[in-house]
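Coordinate inspection notes
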Amino acid sequence: MSKIIYPTTNFKATNTLTIERGEGAYVYDSNGNQYLEALAGLWCTSLGYNNRELVETASEQMSKLSFSHMFGGKTHQVGIDLAEKLSAMVPVENAKIFFGNSGSDANDTHIKMLRYYFNAIGKPEKFKIISRERSYHGVTIAAASLTGLPPNHTHFDLPFEALGVLRTDAPHYYRGALPGETETQFVDRITNNLEQLILKEGANTIAAFIAEPITGASGVIVPPAGYYEKVQAILNKHDILFWADEVITGFGRTGNDFGCTTMNIQKPDMMTLAKQLSSAYMPISASVIRGDMYEAMIEQSANVGVFGHGYTYSGHPVACAVALKTLEIYERDNIFGHAAEVGDYMQKRLREFADHPLVGEIRGKGMIGAIEMVANKQTGQAFNNGAVGAFAQQACQTHGMITRSVAGSSLAFCPPLIVTEAQIDEMIEKFGKALGDTL
Ligand code: PLP
């Protein structure tokens, strides 16, 4: 028994695995067993393990300047360069960037920037945020309030409504449609619910709508065609900001640069980035906002003084250097193009399980996917406890593959972006064996 309190863990669980090293798309445990990393760590190790360029970049930056903070505008070139590069990449207009350490703290930062911004433009009552059921936005007390998954609230005495969070439907047709409802009718109904919520609360009290373009931790939900077009029309009509949480979908994961591109989300006002920003070699996140929002914040700062928010490690030079090198590699080696091609192949191969008696739905886009297992294929009846996902996850591990059970009964697939089609074949073969064990 170690002294560690493990994160997101059932403390009674006995499944311990000691990972010792990684190479490319594989990790190795302390007994020398090899595992294909089919979840890229936690949806983050895009360039795989032991990438020498990233290792050397970190080492060189540590030798040159291991730390310098950014409080009061103190800066360093590698941070400036990273912000410049990111600003040019994202679909947010004239993007300005605040650096943090994790997706959760970046979402907290966004909540605070929203309040600061709306105070600055004389609309302090516009602070509520609409989030969706079955969304995942992190676990700090504020980010957990945005997250629409009960385990992230239960026993922390954290009500869904904390911080003015309103909740609307998850865009999951398979689980959310009424009997006989078409996809179009489903989209019409849930987007109408969204508009009714806005009218009931008053658009003048709602700052933003937050969404993962495609969800990750809640089961890889890909909304039906037309959903985001309708959502954006409603938000524009009521003057509510679109906040894209791209912590998982950013940087080539869904077959394009960002999930917004894949899902036809035009010009989000805010974006949260983390994970693949540095291929997980260093913790770093970015809270991105529109340039004119920052302009208003500058004026507010002139009135009230300091913008009182910042982490010791905001803009950590080693994390910035590694992130900058990661973005350079993405571009130079056409990693997004490769991921799009292999992602199409992965989606095709995952769908070969469609007729399996345990498989209810196969979802995904690009190099993110999930297979939901059901007790009754005809009716879609779910297993009445979440054990099937955990069982399948363990069976995969036994066959030399690491993946993750999400939303109880689904297994997620999100390998490093550098995987080959042969490694996708290996993933499919191992999953097939694990499904055989699960049946
Ligand atoms: N937002 C999304 C969409 C995520 O998937 C995650 C983590 O998986 C987070 C935020 C939180 O990021 P972190 O675990 O780095 O705090």
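What counts, and at which threshold
Residue positions are given per chain, counting from 1 as you read along its sequence in written order. Reporting of local features is limited, given that this is a predicted model, to residues whose pLDDT is at least 70; pairs of side-chain atoms are given and counted only at 80 or more, and all residues count toward the totals for whole chains, interfaces and linings. Along the chain, pLDDT gives the predictor's confidence residue by residue, from 0 to 100. Working definition of burial: number of other C-beta atoms within 10 Å of the residue's own, with buried at 20 or more, exposed at 12 or fewer, and partly exposed in between, all C-beta atoms being placed from the backbone. Strands are runs of DSSP state E lasting at least 2 residues, helices are runs of H or I lasting at least 4, and numbering of each runs from the N terminus. Residues are counted as near a molecule or strand when the C-beta atom, derived from backbone positions, lies within 6 Å of that molecule or strand. Classes in brief: Ala, Val, Leu, Ile, Met, Phe, Trp, Tyr, Cys and Pro nonpolar; Asp, Glu, Lys and Arg charged; the others, Gly included, polar. A pair of strands is considered paired only if DSSP assigns at least 2 bridges between the two. Every axis corresponds to a line fitted to the C-alpha atoms, with the helix fit spanning only the stretch in contact, and the corresponding angles, defined between N-to-C directions, vary from 0 to 180 degrees. The contact rule is simple: place each C-beta atom from the backbone, and if two of them lie within 7 Å, those residues are in contact. Note that domain bounds follow an automatic or database assignment of domains. Each nonpolar core reported here comprises buried Ala, Val, Leu, Ile, Met, Phe, Trp, Tyr and Cys residues connected via C-beta atoms within 7 Å. An angle counts as roughly parallel when it lies under 35 degrees, as roughly antiparallel when it exceeds 145, as roughly perpendicular when it falls between 65 and 115, and as oblique in every other case. Crossing chirality is assigned from the near helix's rotation relative to the far helix, an anticlockwise turn below a right angle marking it left-handed and a clockwise turn marking it right-handed.

Moving on to the confidence of the model for the chain. Chain-level pLDDT for the chain is 95 on average; 99% of the residues reach the 70-or-more range. Both scores are given for the predicted complex: the pTM is 0.98, the ipTM 0.99.

With that settled, consider unusual backbone geometry. The residue Trp 43 is not glycine, and still its phi comes out positive at about 60°. Overall, Trp 43 belongs to the buried group, with 24 C-beta atoms counted inside 10 Å. For Asp 239, which is not glycine, the phi torsion reads 60° and is therefore positive. As for its placement among the helices and strands, Asp 239 is situated in the loop between α8 (227-237) and β8 (241-245).

This part is about the site of the ligand. Around the ligand there are 14 residues in total, and Ser 102, Gly 103, Ser 104, Gly 138 and Val 247 lie nearest to it. With 3 residues, the single largest contributor to the shell around the ligand is helix α4 (residues 103-120). Along the lines of polarity and charge, the residues of the shell around the ligand split into 5 nonpolar, 7 polar and 2 charged.

Moving on, we come to the sheet that holds strand β15 (residues 410-413). Sheet architecture is open: 4 strands sit in the order β11-β12-β15-β14, paired in antiparallel fashion. One side of each edge strand has no neighbouring strand; the edge strands of this open sheet are β11 (359-365) and β14 (404-406). Neighbour to neighbour, the strand axes of the sheet diverge by 25° on average, direction disregarded. Sheet topology note: the β14/β15 ladder contains 3 bridges and is antiparallel. Bridge pairing in β15 places Arg 404 opposite Ala 412. The sheet strands contacting helix α12 (residues 335-350) are β11, β12 (368-373) and β15, and the helix crosses β12 at an angle near 10°. Lying over the sheet, helix α13 (residues 387-398) contacts β12, β14 and β15, oriented at roughly 165° with respect to β14.

Before going further, it helps to spend a moment on the domain arrangement of the chain. Taken domain by domain, the chain comprises domain 1 (19-50 + 334-438) and domain 2 (55-332). When each unit is reduced to the centre of its C-alpha atoms, the spacing between domain 1 and domain 2 is 26 Å. Taken together, the contact pairs 28 residues of domain 1 with 26 residues of domain 2. The dominant element in the side of domain 1 that touches domain 2, judged by the number of residues it contributes, is α12, at 5 residues. Classifying every residue of the side of domain 1 that touches domain 2 gives 14 nonpolar, 10 polar and 4 charged.

In this structure, Ala 208, Phe 209, Val 288 and Ala 323 are the most contacted members of the largest nonpolar core, which totals 125 residues. Structurally, this core is a two-domain feature, drawing no fewer than three residues from each of domain 1 (19-50 + 334-438) and domain 2 (55-332). Setting aside its immediate chain neighbours within four residues, Ala 208 contacts Leu 114, Ile 129, Ile 240, Leu 241, Trp 243 and Met 270.

Moving on, we come to the pairing of strand β1 (residues 19-23). Counted residue by residue, β1 has 0 buried out of 5 residues, so it is predominantly exposed. Where β1 folds back on strand β2 (residues 26-29), the antiparallel hairpin that results is connected by 2 residues, among which Gly 24 adopts a positive phi of roughly 60°.

Our focus in this paragraph is the packing of helix α7 (residues 183-201) against α8. Put simply, α7 and α8 touch, their axes get as near as 10 Å, and they point 20° apart. Accordingly, the angle class assigned to the pair α7 and α8 is roughly parallel. Seen from above, α7 lies across α8 with right-handed handedness. Here Val 187, Thr 191, Leu 194 and Glu 195 of α7 lie close against α8, whose contacting residues are Tyr 227, Lys 230, Val 231 and Ile 234.

Turning our attention to the environment of Tyr 136. Here Tyr 136 lies in the loop between β5 (128-132) and α5 (141-146). When the C-alpha atoms of Tyr 136 and Gly 148 are compared, they prove to be 6.2 Å apart, with 12 residues separating the residues in sequence. Every residue in contact with Tyr 136, bar those within four places of it in the chain, is listed here: Thr 147, Leu 149, Thr 215, Gly 216, Ala 217 and Ser 218.

Time to look at the sheet that holds β1. One open sheet holds the 4 strands; their spatial order is β1-β2-β3-β13, and the pairing between them is mixed. Strands with a single pairing partner mark the edges of an open sheet, and in this sheet they are β1 and β13 (401-402). Here β1 runs beside β2; their pairing, made up of 4 bridges, is antiparallel. Residue pairing for β2: Gly 22 is matched across the bridge by Val 27.

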